[in-house]
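Coordinates in review
What follows is the residue order along each chain.
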Amino acid sequence: MGPPHVQEVPAVTTTPQAVRRASPRTRRKATPAAPDPSAGLMPQREPVRLLNPDGTPLPARDDYPEPPVDALREMYRRMVVGRRFDVQATALTKQGRLAVYPSARGQEACQIGGVLALRDTDWVFPTYRESMALTARGIDPVEVLTLLRGDWHCGYDPAVTHTAPQCTPLATQCVHAAGLAYGESYQGRDTVALAFIGDGATSEGDFHEGINFAAVFKAPVVYLVQNNKYAISVPLSRQTAAPSLAYKGVGYGVPSEQVDGNDPVAVLAVLERAVAHARAGRGPYLIEAHTYRMEPHTNADDQTRYRDAEEVEAWRDRDPIARLEAYLRAKGVLDDAAVAAIAAEAEEYAAALRRRMDAQPTVDPLSLFDHVYAEPTPQLVEQREMVRAELAADAEGDA
């Protein structure tokens, strides 16, 4: 059997005349490219950095201009005082004067940068780890430590300080910050809310609900995620498969950025841009700061179970205070005398805190039942009367 017959099809040629004679319906116009929906939302591929770990400057950037040198010098001062406060608070815990203390040592650039980027009229929504940030905001350190001392309230007046109570539940402050920011905007005020968040909090529903609400209603809130690599003892790899936590904002239509959280200059520059974005009525902003906590999660944590000493030691070379000090010395705005004066101020701050914490607070046991419910339940009233009776009996026995 021979090969099958193949019918030849003549080649089709198109002349300019044929194109002109074609029906308009057969012509195809070039479709313009659709706009990129992620434009302006994506973070940098690498964290923003303006200083090398040794404090030498990197090339200047148009997108993140360096903050004024006076602001950086003040940042250094507050970081030094803040670290001394943190070390002192850790010591008070070991002495039994605090029930618990979550150290933020190593995260000073984020703690202080977050405060410096705000006005006094702006609001801060802290986690349990932001004690250093609150003292840098000017709140009495004894009041900051009141909750960690075992009292039933946060110690300071949120309305006066524009600072929400420190919260232990993860991510609840994300919703609160969005709500307050929206309320302030609705009333025509240019208030910005800054919510401090840990990397573990981004796995909680409150984080997603808060940032989604803020995006939809363009609430002027900045979410600062301090990615210190561990949510208590769980590494970041067990929290997310995203290339960076900063990318979580893109899905909600929120512009995002990631920054070297141990570079004080970059942290302040990125925060100032984010706060300006929110204050201008353009909605929320998400920042992921890559940093590291040098101390255990709290005094009750055994960090040797999930990280080794070599890892901790490696991060000492990226110390944010030493980094900024080297940079300011090179610029000629910080010398030995200034460094010594700031260190002396920090020591006096810690000494005053020790003296004041020596005084035991007078506590009324019956206050345990205050503010549990707006209207006390019968059971609560009964329990309060039982305690009152026991106190009265003890008083008679001592008489």
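Thresholds, definitions, all that
- Residue positions are given per chain, counting from 1 as you read along its sequence in written order.
- pLDDT decides what is reported in this predicted model: residues at 70 or higher carry local features, side-chain atom pairs at 80 or more are listed and counted, and totals for whole chains, interfaces and linings draw on all residues regardless.
- Processing note: side-chain calculations cover all non-hydrogen atoms of the structure and skip hydrogens and water entirely.
- In short, DSSP must find at least two bridges between two strands for them to pair.
- The way it works is that DSSP assigns letters per residue, a run of H or I at least four long becomes a helix, a run of E at least two long becomes a strand, and they are numbered from the N terminus.
- Lines are fitted to the C-alpha atoms to define the axes, a helix being fitted only along its stretch in contact, and any angle between axes, read from their N-to-C directions, falls within 0 to 180 degrees.
- Contacts are assigned to residue pairs with any non-hydrogen atoms lying within 4.5 Å of each other.
- The nonpolar core is taken to be a set of buried Ala, Val, Leu, Ile, Met, Phe, Trp, Tyr and Cys residues, with the residues joined through side-chain atoms within 4.5 Å.
- Accessible area is worked out with a 1.4 Å probe on protein chains only. A residue is then buried under 20% of its type maximum, exposed over 50%, and partly exposed in between.
- The predictor reports its confidence for every residue as pLDDT, a score running from 0 up to 100.
- Here is the rule: rings of Phe, Tyr and Trp (six-membered ring for Trp) pair when centre to centre is within 6.5 Å. Planes less than 30 degrees apart are stacked, more than 60 are edge-to-face, and the remainder are tilted.
- Helices are assigned an expected span. That span is 1.5 Å times one less than the residue count.
- Lining residues are defined by having an atom within 4 Å of a point belonging to a cavity or pocket. Those points lie on a 1 Å grid over the protein atoms alone, cavities being sets where a 1.4 Å probe fits but cannot get out and pockets being open sets with protein on both sides within 12 Å along at least five of seven lines.
- Grid points are joined across faces, edges and corners, and a volume is the space filled by probe spheres set on the points.
- Each residue is assigned to one of three groups, with Ala, Val, Leu, Ile, Met, Phe, Trp, Tyr, Cys and Pro labelled nonpolar, Asp, Glu, Lys and Arg labelled charged, and all others, Gly among them, labelled polar.

Moving on, we come to the sheet that holds strand 2 (residues 193–198). Sheet architecture is open: five strands sit in the order 1-2-3-7-6, paired in parallel fashion. Across the chains shown, the open sheet's two edge strands, defined by having one partner strand only, are strand 1 (123–125) and strand 6 (256–260). Strand-to-strand, the axes of this sheet are offset by a mean angle of 20°, without reference to chain direction. Of the strand pairs in this sheet, strand 1 and strand 2 are connected by three bridges, and their pairing is parallel. Paired with V124 across the bridge in strand 2 is L194. Contacting strand 2, strand 3 (221–227) and strand 7 (285–290), helix 3 (residues 108–116) crosses the sheet at an angle of about 165° to strand 2.

Counting residues in each nonpolar core, the largest one holds 64 residues, and the members touching the most others are Y76, L145, V222, V259, L271, I287 and L324. For Y76, the contacting residues outside a window of four places in its chain are I321, L324, E325, L328, L334, V339 and I342.

All right, on to the confidence of the model for the protein chain then. Overall, the predicted model of the protein chain reaches an average pLDDT of 91, with 92% of residues at or above 70. Here residues 6–10 is modelled with pLDDT under 50, and outside its nearest four sequence neighbours on either side it reaches zero contacts, counting other chains as well.

Our next topic: unusual backbone geometry. With a phi angle near 50°, K218 is a residue other than glycine that sits in the positive phi range. If you trace the backbone, K218 turns up in the loop between helix 9 (205–216) and strand 3. The phi dihedral of I232 falls on the positive side, at around 60°, and the residue is not glycine. By the element assignment, I232 lies in the loop between strand 4 (230–231) and strand 5 (234–235). Residue class for I232 comes out partly exposed when judged on its relative accessible area of 44%.

This paragraph deals with the packing of aromatic side chains. All chains considered together, the criterion is met by 10 aromatic pairs. Arranged with centres 5.3 Å apart and planes meeting at 55°, the rings of Y182 and F217 form a pair that is tilted. Of this pair, Y182 sits in helix 8 (residues 172–186) while F217 is found in the loop between helix 9 and strand 3, placing the two residues 35 residues apart along the sequence. A relative accessible area of 28% means that Y182 is categorised as partly exposed. The class for F217 is partly exposed, based on a relative accessible area of 42%.

Attention now goes to helix 2 (residues 69–94). The terminal C-alpha atoms of helix 2 lie 38 Å apart, and with 26 residues this matches the ideal 38 Å at 1.5 Å per residue to within 8%. Positive backbone phi, at 85°, marks G96, one or two positions downstream of helix 2.

A word on empty space enclosed by the protein. Enumeration over the complete set of coordinates arrives at one cavity of 30 Å³ or more. If you add up the space inside the largest cavity, you get close to 40 Å³. Taken together, R83, G106, N262, Y292, M294, W315, R316, R318, D319 and P320 make up the lining of the largest cavity. Residue composition of the lining of the largest cavity, by class: four nonpolar, two polar and four charged.

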